[in-house]
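# Chains, contacts and geometry: an overview
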Amino acid sequence: HAWMDPDFLETLFEPITMNYTNSRTEMAFWVIWSVPLLVATDPADMSDEKKEILMNEEVLAIHHDPLYAFGERIYNNTDGSQLWSRPLDNGDMAVILYNSQNFDAVDVTVTWEQIGWNDEDEVSVRCLWGKKDLGVFKSSFTREQLPVH
């Protein structure tokens, strides 16, 4: 594998080039790919919304994980649902549940087997953007009706 080079973060380029959801999605992919975070504008001139994306400490902790592994797509279903994962140094796994559809919300699931864990494991799931724990799940987690990104 080689390091990905997706260029600079357009999400942070002012004036606004993407809506909030798409901007967070772009940042999430840069983080899971473990690529340099290049910002195309002066952070002092960014909106509070854009700064919130760029300065999310939990998301940045994934980016700065010392394993420096890059994320890979696990599946890409015809309904637009995608699963991406990235192993972390402490044995945790960062995942992106993504809906690439243009119109419809879809259910997106990650099973523990898909990311190399035992289906009997009980796993704590956390939303880093919402900064909240979603619960402890056995064998899988599903984000029902994930809106388009």
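A short tour of the structure in this document, coming up. Quick caveat, the model's predicted, so the values are computed rather than measured. (Residues numbered from 1 in each chain as written. Predicted model: local features only at pLDDT ≥ 70, side-chain atom pairs only at ≥ 80, totals over all residues. Heavy atoms only, no water.)

## Considerations on the pairing of strand 2 (residues 81-87)
Our working rule: Throughout, exposure labels follow a simple rule: accessible area from a 1.4 Å probe, protein chains only, divided by the maximum for the residue type, with under 20% read as buried, over 50% as exposed, and the rest as partly exposed. Secondary structure elements are defined from DSSP: runs of H or I of at least 4 residues count as helices, runs of E of at least 2 residues count as strands, and each element is numbered from the N terminus. Strands are labelled as partners when DSSP assigns at least two bridges between them.
The element strand 2 is extensively covered by neighbouring structure, given that 6 of its 7 residues are classed as buried. As paired strands, strand 1 (residues 72-76) and strand 2 are joined by 4 bridges and run antiparallel to one another. Note that in strand 2 the partner of Asn-76 across the bridge is Gln-82. In this structure, the hairpin formed by strand 1 and strand 2 is closed by a connection of 4 residues, where Gly-80 is found at a positive phi of approximately 100°. Of the strand pairs in this sheet, strand 2 and strand 3 (residues 93-99) are connected by 7 bridges, and their pairing is antiparallel. By the bridge assignment for strand 3, Leu-83 is matched with Leu-97. Connecting strand 2 to the antiparallel partner strand 3 that follows it, the hairpin turn spans 5 residues, and Gly-91 within it adopts a positive phi of roughly 95°.

## A short note on unusual backbone geometry
One non-glycine residue, Ser-34, adopts positive backbone phi at about 60°. Relative to the assigned elements, Ser-34 resides in the loop between helix 1 (20-32) and helix 2 (48-54). One non-glycine residue, Gln-145, lies in positive phi territory at about 50°. Judged by relative accessible area, which is 48%, Gln-145 ranks as partly exposed.

## Side note on helix 1
Which entries qualify depends on this criterion: Expected span, for any helix, means 1.5 Å times one less than how many residues it has. Contacts are assigned to residue pairs that have any heavy atoms within 4.5 Å of one another.
Spanning 13 residues, helix 1 covers 18 Å between terminal C-alpha atoms, matching the ideal 18 Å at 1.5 Å per step. Those residues of helix 1 that fall on the buried side of the exposure criterion are Ser-23, Thr-25, Glu-26, Met-27, Ala-28, Phe-29, Trp-30, Val-31 and Ile-32. Where helix 1 is buried, its residues contact helix 2, helix 3 (57-63), strand 2 and strand 3. Looking one or two places after helix 1, you find Ser-34, whose phi comes out positive at around 60°.

## Concerning the packing of aromatic side chains
Selection rule: When two rings of Phe, Tyr or Trp (its six-membered ring) have centres within 6.5 Å they constitute a pair, described as stacked for plane angles under 30 degrees, edge-to-face for angles over 60, and tilted for the intermediate range.
Following the criterion strictly, the structure yields 7 aromatic pairs and no others. Pairing Phe-29 with Trp-84 gives two aromatic rings, centres 5.2 Å apart and planes at 80°, and the pair type is edge-to-face. On the criterion of sequence distance, the pair formed by Phe-29 in helix 1 and Trp-84 in strand 2 is long-range, its members being 55 residues apart. Among the residues examined, Phe-29 registers a relative accessible area of 8% and is labelled buried. By relative accessible area, which is 10% here, Trp-84 ends up buried. An angle of 65° between the planes, with centres 6.1 Å apart, marks the rings of Trp-112 and Trp-117 as edge-to-face. With a relative accessible area of 24%, Trp-117 lands in the partly exposed category. Ring pairs connect the aromatic residues Phe-29, Trp-30, Trp-33, Trp-84 and Tyr-98, which therefore count as one cluster.

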